[in-house]
Amino acid sequence: MKPAVLEVMRMNRVCRMVLVTSVGSFILVIFYFQIMRRNPFGMDICCRKGSRSPLQELYNPTQLSNTAILHQIRRDQVTDTCRANSVSSRKRRVLTPNDLKHLVVDEDHEMIYCYVPKVACTNWKRVMMVLTGRGKYSDPMEIPANEAHVSSNLKTLNQYSIPEINHRLKNYMKFLFVREPFERLVSAYRNKFTQKYNTSFHKRYGTKIVRRQRKNATQEALRKGDDVKFEEFVAYLIDPHTQREEPFNEHWQTVYSLCHPCHIHYDLIGKYETLEEDSNYVLQLAGVGNYLKFPTYAKSTRTTDEMTTEFFQNISSLHQTQLYEVYKLDFLMFNYSVPSYLKLE
């Protein structure tokens, strides 16, 4: 059974309203009216000349699909979680331009992408460079990874005036991609602290972590910071002093702090677990699906659930509980269950 179908079936209210006779056999009428009723834009979206905008394609589809229903469920999950956790999720009610620096704008296709590090953001930045390059690029994988991360190659929402920001937030399709929070965290640790070439992270964060979390650290470890253990990294993250001192680095910052989904209404939430399918759905909505596909190559070194389980074996139940509290909203908001390997107190 497809992951998308499983996700639909996991939602209780969906199970009560949908009859499933076989894989992909749904009664769609109820959901069609739900999606149309919840469309915050109605029928008043202005079209670009000669085409439908991504928002029209999403909220007023010519043909309703199981994919559209799935993304409505994901939107509802975020809305419900924000409402249920209003105190913790809406601490700051007014966003500043600095809060919008992760939102990449595509003027030509009227889309905004909030990038989350360690969730295929390099490839999505490559795709956004193709979409915004006006013919400069045609193949995302021909763009070097380091070039995709050059800030001047993409325009972010914080570079606009307040009226321009509000116009784009209202009229452009906004999307992001998420990943199981602890798998993403282990991926960030492996990339930034176990690769010898990441000396800037070793100096900036590794030395600090060793100094605070390691007793009897050697002078070399204090100077280089290139041998941080995962247990020390976790201790650093849950240390109240860390969060008082400065915001988390973007590679391990929570998605709700990077993209502000309780303040910004995201029209589409893609998942790393269904990356190719969700990415190509975005490109289809943008009207470019016939000639641009999301890169599909698989990295042999990618962090898996099995790897994540191994990394957490040496983390105490107290520290696991404290770490879960840090990332709890990401788990709830994006419908990730508590990992079976956790020993929460």
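Residues numbered from 1 in each chain as written. Predicted model: local features only at pLDDT ≥ 70, side-chain atom pairs only at ≥ 80, totals over all residues. Heavy atoms only, no water.

J.: Just checking my understanding: could you explain the sheet that holds strand β2 (residues 111-114) for this structure?
T.: Adjacent strands of a sheet pair through backbone hydrogen bonds, lying either parallel or antiparallel. Strand order in the open sheet made by the four strands is β1-β2-β3-β4, with mixed pairing throughout. Each edge of the sheet is formed by a strand with only one pairing partner; in this case those strands are β1 (103-106) and β4 (268-271). Direction aside, the axes of adjacent strands within the sheet are offset by 25° on average. (Pairing = 2+ DSSP bridges. Helix = DSSP H or I, 4+ residues; strand = E, 2+ residues; numbered from the N terminus. Axes fitted to C-alpha atoms, helices over the stretch in contact; angles between N-to-C directions.)

J.: Just checking my understanding: could you explain the packing of helix α10 (residues 181-193) against helix α18 (residues 317-333) for this structure?
T.: When two helices pack together, their arrangement is captured by the angle between the axes and the distance separating the axes. Between α10 and α18, whose axes approach to 9 Å, the crossing angle comes to 120°. Judged on the interaxial angle alone, α18 and α10 are oblique. Between α10 and α18, the contacting residues are P181, F182 and L185 on the first element and L323, Y324, Y327, D330 and F331 on the second. (Parallel < 35°, antiparallel > 145°, perpendicular 65-115°, else oblique. Contact = heavy atoms within 4.5 Å.)

J.: Is there a simple way to explain the confidence of the model for the chain in this structure?
T.: Regions with low pLDDT should not have their predicted coordinates read in detail. Across the chain, the average pLDDT comes to 85, with 82% of residues at or above 70. Low pLDDT (under 50) marks residues 1-6, which in the prediction has eight contacts with non-local residues, meaning those over four places away or in another chain. Throughout residues 39-50 the model reports pLDDT below 50, and contacts reaching past four residues in sequence, or to other chains, amount to 21 contacts. (pLDDT = per-residue confidence, 0-100.)

J.: Teacher, can you tell me more about the pairing of β2 here?
T.: The two faces of β2 match: M111 and Y113 on one face and I112 and C114 on the other face are all buried. Both β1 and β2 contribute to a ladder of four bridges, which runs antiparallel. By the bridge assignment, L103 is partnered in β2 with C114. Hairpin connection between β1 and β2: a loop of four residues separates the two successive antiparallel strands, and E110 in this loop has a positive phi of roughly 55°. (Buried < 20%, exposed > 50% of the residue type's maximum accessible area, 1.4 Å probe, protein only.)

J.: In this structure, what is going on with helix α7 (residues 121-132)? I would like to understand it.
T.: A turn of α-helix holds 3.6 residues, and therefore any two residues three or four places apart point the same way. Helix length check: α7 (twelve residues) gives 16 Å between terminal C-alpha atoms against 16 Å at 1.5 Å per residue, within 8%. Counting buried positions over the twelve residues of α7 gives ten, a clear majority of the element. Buried within α7 are the following residues: C121, N123, W124, K125, R126, V127, M128, M129, V130 and L131. At its buried positions, α7 is contacted by β1, β2, α8 (145-148), β3 (173-178) and α16 (275-285). (Expected span 1.5 Å × (residues − 1).)

J.: Whenever I open this one, the pattern of salt bridges confuses me. Can you help?
T.: Once the charged atoms of two side chains with opposite charge are near each other, the side chains can pair. Under the defined criterion, the tally for this structure stands at 16 salt bridges. A salt bridge links R179 to E183, with the shortest nitrogen-to-oxygen separation between them at 3.1 Å. On the basis of relative accessible area, R179 is assigned to the buried category, the value being 4%. Look at E183 and you get buried, because its relative accessible area is 8%. K208 is the partner of E245 in a salt bridge, and the nearest nitrogen-oxygen pair spans 3.3 Å. Separated by 37 residues along the polypeptide, E245 in helix α14 (residues 240-245) and K208 in helix α11 (residues 199-213) bring together distant segments of the chain. The exposure class of E245 is partly exposed, given its relative accessible area of 37%. (Salt bridge = Lys/Arg side-chain N within 4 Å of Asp/Glu carboxyl O.)

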